[in-house]
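Read off the chains here:
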Amino acid sequence: MASIDLLIRDDDLDLSAIGEPRLVSGGDCVAQDLRHMIREKAYAFKMIGERNPTTISALCTDIEIEMENDERVYPGTASVALNGESLMCEAQTVSGERITVTV
């Protein structure tokens, strides 16, 4: 399944030198969509200042479930961990690409 979308950088469309929107495809498209899902569902916001390891673990599990609900992600391959201030999300797409999302 081909995934194609408009490329978003710094919360805005990424435009070419002539002003046309750039496209993103494949694993990069899936990664971009997952990054947006994490932000839109406020998972990253909920982790800000959270110190309870049980709550953090539950939020990571919720993100993994959301990632695996994406039909482009191979089931059972999503993993999420909070490393310092960065949320590291990894998965494998059904097309075999390994994707990493850092929020």
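Residues numbered from 1 in each chain as written. Predicted model: local features only at pLDDT ≥ 70, side-chain atom pairs only at ≥ 80, totals over all residues. Heavy atoms only, no water.

**Overview of the confidence of the model for the protein chain**
Logical step 1: Chain-level statistics for the protein chain give a pLDDT mean of 91 and a share of 99% at 70 or above.
Logical step 2: Mean pLDDT per element in the protein chain: helix α2 (residues 43-47) is the minimum at 87, and helix α3 (residues 53-69) is the maximum at 94. (pLDDT = per-residue confidence, 0-100. Helix = DSSP H or I, 4+ residues; strand = E, 2+ residues; numbered from the N terminus.)

**Quick look at the nonpolar core**
Logical step 1: Ranked by internal contacts, the top residues of the largest apolar core, which has 20 residues, are L34, I38, I63, M67, V80, L87 and C89.
Logical step 2: Excluding residues that lie within four positions of it along the chain, V80 makes contacts with C60, I63, E64, M67, L87, M88 and C89. (Core = buried A, V, L, I, M, F, W, Y, C linked by side-chain atoms within 4.5 Å. Buried < 20%, exposed > 50% of the residue type's maximum accessible area, 1.4 Å probe, protein only. Contact = heavy atoms within 4.5 Å.)

**Topic: the sheet that holds strand β7 (residues 98-102)**
As a general point, the strands of a sheet are linked pairwise by backbone hydrogen bonds and lie either parallel or antiparallel.
Logical step 1: Strand order across the open sheet formed by 3 strands is β5-β6-β7, with antiparallel pairing between neighbours. With one partner strand each, in any of the chains shown, β5 (79-83) and β7 form the two edges of the open sheet. Taking each pair of neighbouring strands and ignoring which way they run, the sheet shows an average axis angle of 15°.
Logical step 2: Summarising the sheet, strand β6 (residues 86-92) and β7 pair through 5 bridges and their orientation is antiparallel. Each residue of the ladder has a partner; that of Q92, found in β7, is R98.
Logical step 3: Along the sheet, α3 makes contact with β5 and β6, crossing β5 at roughly 145°. (Pairing = 2+ DSSP bridges. Axes fitted to C-alpha atoms, helices over the stretch in contact; angles between N-to-C directions.)

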